[in-house]
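Analysis of the macromolecular model
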Amino acid sequence: MILTVTLNAALDVTYQVPAVDWDGVNRVRAVHRRAGGKGVNVARVLAALGQEVLVTGLAGGPTGEAIAADLRASGLTDALVPVSGDSRTTLVVSEPGRTALFNEPGPTVTPDEIGDFLNRYGELLREAGAVVISGSLPQGVPADFYATLAHLAHDRGVPAIVDADGEPLRHAPKGRPAVVKPNAEELARAVPGGTALEGAAELRSQGAEAVVVSMGADGLLAVTPEGAFRAGMPYRVEGNPTGAGDSLVAGLALGLVEGTPWPARLARAAALGAAAVAAPVAGDFDRDVYADIHPKIVIS
């Protein structure tokens, strides 16, 4: 079983529009509402790939109830820990060629609620073959909490992937995760100056076993125990990039539990990320695009 952690779970709302008029009335062509947050998106992709997956995290209030209900309706098993505050909503406005994302901050979490989650997390690790820890932290959760979760997993022999930004990313390597997965902008903020290769090597020197940097249409860069690799994309996929990184992470998690060599692991992850761009909402991927692009990705 692969465990995914989404501490700042959300109800994702996606508006698809022909074009955005920021000064007028917009007619929405299609609306999608579903449970979201980065770990939930990862879980959806893993489930679509036939993997056993369990969603945990924090959820509360009417929005939290809507999140849990949608997970059940989607066939995803969850072990969400309740909090007193109301979970957040995110809004994606997508027009052809452009996407805007609006993220609410989420609830404020109390020390007792953090303790409740840690107890539940420790129990869930007993059955996990890997854990994905991703997304933003709700208010009240310490900036080094992802490092704490990764360290707990490491001590139990469970490989962890951390996908985060800002202070959580800077702290993450101290938890000795199997993979840290920033995008290029997140890496530049965490390790200012130098190249992406140098930044990835620096995070690895701080304790991460491997660092995979997603670079959009430019593919992936990875610094791993097997060496440094680049995954080159054969062509650009147009669409909604929201959730592409989560599909990529799902591919990395699958590679962890299967023990796939790094070149093959990166090719599959890059293909899943590209195929997610062709899907209308985060947590989905276009199987036709995936099948077409996967064999064309060049690993060097």
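Predicted model, so just to flag it, every value in this text is computed and none were measured.

**Points about the sheet that holds strand β3 (residues 30-36)**
Taking strand neighbours across the sheet as the criterion, the 4 strands line up as β3-β2-β6-β7 in an open arrangement whose pairing is mixed. The open sheet has two edge strands with one neighbour each: β3 and β7 (98-103). Put simply, the sheet's adjacent strands are angled 15° from each other on average, direction ignored. For strand β2 (residues 10-16) and strand β6 (residues 88-95), the ladder comprises 7 bridges, and the chain directions are parallel. Its bridge partner being in β6, L11 is matched across the sheet by T89. The sheet strands contacting helix α1 (residues 38-48) are β2 and β3, and the helix crosses β3 at an angle near 100°. On top of the sheet, helix α2 (residues 61-73) reaches β2, β3 and β6; it is set at about 95° to β3, its chief contact.

**Quick notes on the pairing of strand β8 (residues 130-134)**
For β8, the tally of buried residues reaches 5 of 5 residues, placing the bulk of the element in the interior. Here β8 shows two buried faces, one formed by A130, V132 and S134 and the other by V131 and I133. Summarising the sheet, strand β1 (residues 2-6) and β8 pair through 4 bridges and their orientation is parallel. Within the sheet, the bridge partner assigned to V5 lies in β8 and is I133.

**Notes on unusual backbone geometry**
A positive phi angle is found at R176, which is not glycine, with a value near 60°. For R176, the position within the fold is in the loop between α5 (166-171) and β10 (179-180). A relative accessible area of 48% means that R176 is categorised as partly exposed.

**Concerning the packing of aromatic side chains**
With the rule as written, the count across this model stands at 3 aromatic pairs. Note on F117 and F145: the rings are 6.4 Å apart at their centroids and 50° apart in plane angle, and the pair reads as tilted. In this pair, F117 sits in helix α3 (residues 111-125) while F145 sits in helix α4 (residues 145-155), placing the two residues 28 residues apart along the sequence. Taking relative accessible area as the criterion, F145 reaches 6% and is therefore assigned buried. Seen from their ring centres, F285 and Y290 are 6.0 Å apart, and the 75° between their planes marks the pair as edge-to-face. Just as F285 is buried, Y290 falls in that class too.

Definitions and cut-offs
- Residues numbered from 1 in each chain as written.
- Predicted model: local features only at pLDDT ≥ 70, side-chain atom pairs only at ≥ 80, totals over all residues.
- Heavy atoms only, no water.
- Pairing = 2+ DSSP bridges.
- Helix = DSSP H or I, 4+ residues; strand = E, 2+ residues; numbered from the N terminus.
- Axes fitted to C-alpha atoms, helices over the stretch in contact; angles between N-to-C directions.
- Contact = heavy atoms within 4.5 Å.
- Buried < 20%, exposed > 50% of the residue type's maximum accessible area, 1.4 Å probe, protein only.
- Phe/Tyr/Trp six-rings, centres within 6.5 Å; stacked < 30°, edge-to-face > 60°.

Such coordinate-based values are descriptive only and should not be taken to indicate function.
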